[in-house]
Amino acid sequence: MALASRLLSRSTRQLCAGQVVLRPEHAIPVRSFAKGAAAPTALKGDQVLKDIFYEVKNKLETAIGVLRKEKITIDPEDPAAVSEYAKVMNSVRQKANLLSESQIIKFNIEVETHEIPDARTYLLKLKEMRVKRGLIDEQGIEDLQMAALDKVEKEIKKPLMRNDKKGIALLTAEFDKINQKLGIRKEDLPKYEEQLELKIAKAQLEELKKDALEAMETQKKREEFKDEEMPSVKSLDIRNFI
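Residues numbered from 1 in each chain as written. Predicted model: local features only at pLDDT ≥ 70, side-chain atom pairs only at ≥ 80, totals over all residues. Heavy atoms only, no water.

Engineer: Tell me about the UniProt feature "coiled-coil region" (unreviewed entry) in the protein, and name the residues and values.
Structural biologist: Summarizing the sequence annotation, UniProt attributes the feature "coiled-coil region" (unreviewed entry) to residues 191–222 in the numbering used throughout. Secondary structure over residues 191–222 splits into 94% helix and 0% strand, and the C-alpha atoms at its two ends are 47 Å apart. (UniProt positions renumbered as here; feature names shortened; annotations may be inferred. Helix = DSSP H or I, 4+ residues; strand = E, 2+ residues; numbered from the N terminus.)

If you want it as C-alpha cells, here you go:
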C-alpha cells in the first residue's frame, strides 16, 4: 500500500493538483473584514475552491484511467523505458488536459522571476530552478551566459537591470552569439522540447525507482517478509498497485 501511494503521488496527484491551483483564473479574491462591511451575497471564494476540487478530482481520475492501461517500466537507465514513460505521461497530459513539462517550466519561471529586477539574479534563479528539477546543463550554457552578462555589465559600467532595453539588447545579442556557436536554432525548438521531456521523464523514473526501493526495504523489515527476496524494481507493474 505504501508503494502504491508513493507511485500515485509521483505519477498523478502532484501533477494534477499543482497545475490547477496555480492557474491565474483560480485566484481567490480577498474578502473584506472591515468593521461594518456588507456581508457578501455569495461566498465566491468557497465556490472557487469547490470548482478547483472537482477539477482536480476529474483530472486525477482521468490520469489514473490512463495509468491503469499503460505499462510503465521503472528503469531510468533504459532509453526505451524512458521514452515509453514520456509517451505515457504525454498521453496523461493530453487526456486530462494538463500542461506539458515545458509549459509548466515556462509558467513557473514567469511566477518566480516576475519581481526580480536585475539580470544576474534572474539567471541565478533559472539555475536554481534547473537544479531543483534535476536537469543537467550539459553544454555549460549557464556559464557562457554569465560570462556574457559580465561582458555587458563591464561595457555599461553598472549592473544590468531587466528594464534597461538597450542593455538587454546587448545581452540578447551576446546570447545569440552563444546559440550560434553551439548550433542552437529557433526552428529546432520542438526537438529541444522533446529532449527536455525525455530528461524530465528520466528524472521522474529515478524518483519512482528510489521510492519503490525505499518501500520495499521498509516492507522487508517486517517479520513476515524477512525471508522473502525482493523483486527487481523494473519488474514491478504499477498497474497492480492502482
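What follows picks up the thread again.
Engineer: Tell me what's going on with helix H8 (residues 189–220), and back it up with residues and numbers.
Structural biologist: Spanning 32 residues, H8 covers 46 Å between terminal C-alpha atoms, matching the ideal 46 Å at 1.5 Å per step. Along H8, the residues that are buried comprise Glu197, Ile200, Ala201, Ala203, Leu205, Leu208, Asp211, Ala212, Ala215 and Met216. (Expected span 1.5 Å × (residues − 1). Buried < 20%, exposed > 50% of the residue type's maximum accessible area, 1.4 Å probe, protein only.)

Engineer: Can you explain the packing of helix H4 (residues 101–113) against helix H5 (residues 119–132)? Please cite residues and give values.
Structural biologist: Contact geometry of H4 with H5 gives a least axis separation of 11 Å together with a crossing angle of 135°. Between H4 and H5, the crossing angle belongs to the class labelled oblique. Where H4 crosses over H5, the two elements pack in a sense that is right-handed. In this structure, H4 uses Asn108, Ile109, Glu112 and Thr113 to contact H5, whose residues at the interface are Tyr122, Lys125, Leu126 and Met129. For the contact of H4 with H5, the per-class residue count stands at four nonpolar, two polar and two charged. (Axes fitted to C-alpha atoms, helices over the stretch in contact; angles between N-to-C directions. Parallel < 35°, antiparallel > 145°, perpendicular 65-115°, else oblique. Left-handed = near helix turned anticlockwise from the far one by under 90°. Contact = heavy atoms within 4.5 Å. Nonpolar A, V, L, I, M, F, W, Y, C, P; charged D, E, K, R; others polar.)

Engineer: Explain empty space enclosed by the protein to me, using residue names and the numbers behind them.
Structural biologist: What the rule picks out here adds up to one cavity of 30 Å³ or more. A volume near 40 Å³ is recorded for the largest cavity. Around the largest cavity, the lining residues are Tyr85, Ala86, Met89, Arg93, Glu101, Glu197, Ile200, Ala201 and Gln204. Among the secondary structure elements, those contributing two or more residues to the lining of the largest cavity are helix H3 (79–96) and H8. For the lining of the largest cavity, a count of residues per class yields five nonpolar, one polar and three charged. (1 Å grid on protein atoms, 1.4 Å probe; cavity = no way out; pocket = protein on both sides within 12 Å on 5 of 7 lines; lining within 4 Å. Points joined across faces, edges and corners; volume = space filled by probe spheres on them.)

Engineer: Got a sec to walk through the side chain of Glu153? Specific residues and values, please.
Structural biologist: As for its placement among the helices and strands, Glu153 is situated in helix H6 (residues 141–156). Judged by its relative accessible area of 15%, Glu153 falls in the buried class. In contact with Glu153, other than residues within four places in its own chain, are Arg120, Lys158, Pro159 and Leu160.

Engineer: Explain the confidence of the model for the protein to me, using residue names and the numbers behind them.
Structural biologist: Taken residue by residue, the protein gives an average pLDDT of 79. The fraction at 70 or more is 81%. Looking over the protein, one finds the lowest element-wise mean pLDDT in helix H1 (residues 2–21), namely 48, and the highest in H6, namely 96. In this model residues 1–5 is a low-confidence stretch, pLDDT under 50, and it forms seven contacts with partners more than four residues away in sequence or in other chains. Under a pLDDT of 50 for its full length, residues 20–39 has, in the predicted model, 21 contacts with residues more than four places off or in other chains. (pLDDT = per-residue confidence, 0-100.)

Engineer: For the pattern of salt bridges, give the residues involved together with the corresponding values.
Structural biologist: Enumeration over the complete set of coordinates arrives at 13 salt bridges. With its nearest N and O atoms 3.5 Å apart, the salt bridge here joins Arg185 to Glu187. Judged by relative accessible area, which is 45%, Arg185 ranks as partly exposed. What emerges from the salt-bridge pattern is a single network uniting Glu112, Lys125, Glu128 and Lys132. (Salt bridge = Lys/Arg side-chain N within 4 Å of Asp/Glu carboxyl O.)

Engineer: I'd like a description of the environment of Arg120, backed by residues and values.
Structural biologist: Within the element layout of this structure, Arg120 appears in helix H5. Owing to a relative accessible area of 26%, Arg120 belongs among the partly exposed residues under this scheme. Between the C-alpha atoms of Arg120 and Asp150, which are 30 residues apart in sequence, the distance is 9.1 Å.

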